[in-house]
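Coordinates in review
Okay, here's what each chain looks like letter by letter:
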Amino acid sequence: MRSFTLPRAARTTRITRTHKIATALLAGAAATTGLAVTAAPGAQAASKPATSATADVKVTAVAKQEAAAKKAAAKADTPKTYANNLDGWIRESLDIMKAKGIPGSYEGLHRNIMRESGGDPNVSNDWDINAVNGTPSKGLLQVIQPTFDAYHVAGTPDNLTDPVANITAAANYAADRYGSIDNVDSAY
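Remember, it's a predicted structure, so these values are computed and weren't measured experimentally. (Residues numbered from 1 in each chain as written. Predicted model: local features only at pLDDT ≥ 70, side-chain atom pairs only at ≥ 80, totals over all residues. Heavy atoms only, no water.)

1. Re the packing of helix 3 (residues 86-100) against helix 4 (residues 106-116)
Put simply, helix 3 and helix 4 touch, their axes get as near as 10 Å, and they point 130° apart. By the angle between their axes, helix 3 is oblique relative to helix 4. You can see that helix 3 and helix 4 cross each other, and the crossing is right-handed. Contacts between helix 3 and helix 4 involve Leu86, Asp87, Ile90, Arg91, Leu94 and Met97 on the former and, on the latter, Tyr106, Leu109, His110, Ile113 and Met114. Residues belonging to the contact of helix 3 with helix 4 are distributed by class as follows: eight nonpolar, one polar and two charged. (Axes fitted to C-alpha atoms, helices over the stretch in contact; angles between N-to-C directions. Helix = DSSP H or I, 4+ residues; strand = E, 2+ residues; numbered from the N terminus. Parallel < 35°, antiparallel > 145°, perpendicular 65-115°, else oblique. Left-handed = near helix turned anticlockwise from the far one by under 90°. Contact = heavy atoms within 4.5 Å. Nonpolar A, V, L, I, M, F, W, Y, C, P; charged D, E, K, R; others polar.)

2. Remarks on the nonpolar core
The biggest cluster of nonpolar side chains holds 25 residues, and the ones touching the most others in it are Ile90, Leu109, Ile113, Leu141 and Ile167. Looking at this core, the elements that each hand over two or more residues are helix 3, helix 4 and helix 7 (163-178). In terms of residue count, the dominant contributor to this core is helix 7 (eight residues). (Core = buried A, V, L, I, M, F, W, Y, C linked by side-chain atoms within 4.5 Å. Buried < 20%, exposed > 50% of the residue type's maximum accessible area, 1.4 Å probe, protein only.)

3. A look at the pattern of salt bridges
Per the counting criterion, the structure on display carries five salt bridges. Linking Glu107 and Arg111 is a salt bridge whose minimum nitrogen-to-oxygen distance equals 3.1 Å. With a gap of four residues between them, Glu107 and Arg111 both fall in helix 4, about one helical turn apart. Assessed through its relative accessible area of 48%, Glu107 is described here as partly exposed. A relative accessible area of 24% means that Arg111 is categorised as partly exposed. One salt bridge connects Asp185 with Arg111, and the closest N-O pair in it is separated by 2.7 Å. Here Arg111 lies in helix 4 and Asp185 lies in the segment after helix 7, a separation of 74 residues in the sequence. The network of salt bridges with common partners includes Glu107, Arg111 and Asp185. (Salt bridge = Lys/Arg side-chain N within 4 Å of Asp/Glu carboxyl O.)

4. Let's talk about the packing of aromatic side chains
Under the defined criterion, the tally for this structure stands at one aromatic pair. Geometrically, the ring pair formed by Tyr151 and Tyr173 is edge-to-face, given 5.3 Å between the ring centres and 80° between the ring planes. Residue Tyr151 is found in helix 6 (residues 145-151), and its partner Tyr173 is found in helix 7; the two are separated by 22 residues along the sequence. Among the residues examined, Tyr173 registers a relative accessible area of 12% and is labelled buried. (Phe/Tyr/Trp six-rings, centres within 6.5 Å; stacked < 30°, edge-to-face > 60°.)

5. Observations regarding the environment of Ala165
Relative to the elements of secondary structure, Ala165 occurs in helix 7. For Ala165, the residues in contact, after removing those within four places along its chain, are Phe148, Thr156, Pro157 and Asn159.

6. Things to note about the packing of helix 3 against helix 7
Geometry of a packed helix pair, given as the angle between the helix axes and the separation of the axes. Between helix 3 and helix 7, whose axes approach to 9 Å, the crossing angle comes to 50°. One way to sum up the angle between helix 3 and helix 7 is to call them oblique. You can see that helix 3 and helix 7 cross each other, and the crossing is right-handed. Across the interface between the two elements, Trp89, Ile90, Glu92, Ser93, Ile96 and Met97 from helix 3 touch Pro163, Val164, Ile167, Thr168 and Ala171 from helix 7.

Pasting the structure below:
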């Protein structure tokens, strides 16, 4: 059997051609992933970002994530503010109720407030049996002082006619008595 060896120049051409084919195959595969492939004869192919734009996009995405995290941290440190109106009082009460595990919804609170006081935090019932007995119902949800005292929620003002304290105490009472303020559809 006879062996045949290519001359050195032919072997170099064959190796170079093989490298070019391999590099072309790698480049085609890398194009689908957004990477560019470079290779020198006799060296392994290396991946790098196809353009500086690709690197810029990655840096920008990281910067956006960091900015969002900083904004969320700053927001967590900033106390939430509420409007000084019925909507704000209900929303503040709901946040307190959520933190304290007291059930209730915006709709349930609003419906009962409108029926009980028409949304006036200073209204007082001076004609019913509670008033006759010396403990008139007061505030947005028409709470009497003994009920307010028994169901007052820590973190709210200790004032029966304070809108947020009144709503939150009434919702706490309704949760104990009816399961939720949402279950109250008449005077309670």
